[in-house]
Amino acid sequence: HLVGTVGSWFLFDIVLYANSLFNSEVTSIIQVGTGGLKSDMLRTLIILLIMLPGYFVGVALVDKLGRNNVQIEGCANITLWLSIC
């Protein structure tokens with residue numbers, strides 16, 4: 001159980017931190033503001049709003065599917081969709 005938990009969190013951290021590090025490259029298509037900190041904050045907000053529905057779906061399905069299955073599916077979906085982008 002420990003190896004599975006550590007492995008899933010490790011993969012989740014890679015995906016999450018890579019999204020944070022390359023946020024400006026991912027959202028460079030979206031022209032928000034003139035640059036600077038305000039534009040970076042708006043781009044980060046856009047990424048968060050894109051990811052927010054997944055959290056709500058996870059909360060809604062946690063009792064129906066089980067916590068382990070929700071975590072596995074969530075990590076797999078985040079990895080899939082962010083690797084496509």
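See the structure shown above.
Residues numbered from 1 in each chain as written. Predicted model: local features only at pLDDT ≥ 70, side-chain atom pairs only at ≥ 80, totals over all residues. Heavy atoms only, no water.

(A) Main features of the pattern of salt bridges. For the coordinates displayed, the defined rule picks out one salt bridge. Two residues, D63 and R67, come together in a salt bridge whose shortest N-O distance is 3.9 Å. Take D63 and R67: they sit in the same class, and that class is exposed. (Salt bridge = Lys/Arg side-chain N within 4 Å of Asp/Glu carboxyl O. Buried < 20%, exposed > 50% of the residue type's maximum accessible area, 1.4 Å probe, protein only.)

(B) Structural view of the packing of helix 3 (residues 37-65) against helix 4 (residues 67-84). Running from N to C, helix 3 and helix 4 point in directions that differ by 135°, and their axes come no closer than 7 Å. Looking at the two axes, helix 3 sits oblique to helix 4. Together, G58, L61, V62, D63 and L65 of helix 3 and R67, N69, V70 and E73 of helix 4 make up the contact between the two elements. Residues that form the contact of helix 3 with helix 4 fall into these classes: four nonpolar, two polar and three charged. (Axes fitted to C-alpha atoms, helices over the stretch in contact; angles between N-to-C directions. Helix = DSSP H or I, 4+ residues; strand = E, 2+ residues; numbered from the N terminus. Parallel < 35°, antiparallel > 145°, perpendicular 65-115°, else oblique. Contact = heavy atoms within 4.5 Å. Nonpolar A, V, L, I, M, F, W, Y, C, P; charged D, E, K, R; others polar.)

(C) Examining the environment of N69 more closely. Examined against the element boundaries, N69 turns out to sit in helix 4. On the accessibility criterion, N69 (41% relative accessible area) is partly exposed. Here L65 takes part through its backbone oxygen, which lies 3.0 Å from a polar atom of the side chain of N69. (Polar contact = N/O pair within 3.5 Å; in protein donor to acceptor, adjacent residues only side chain to side chain.)

(D) Just a nonpolar patch on the surface, in detail. Residues L42, L45, L49, L52, Y55 and F56 make up a contiguous nonpolar surface patch of about 570 Å² in total accessible area. Along the chain, L45 falls in helix 3. (Patch = residues over 30% accessible without salt bridge, like charges linked within 9 Å, V, L, I, M, F, W, Y side chains within 5 Å. Areas by Shrake-Rupley, 256 points an atom, 1.4 Å probe, with all protein chains shown as cover.)

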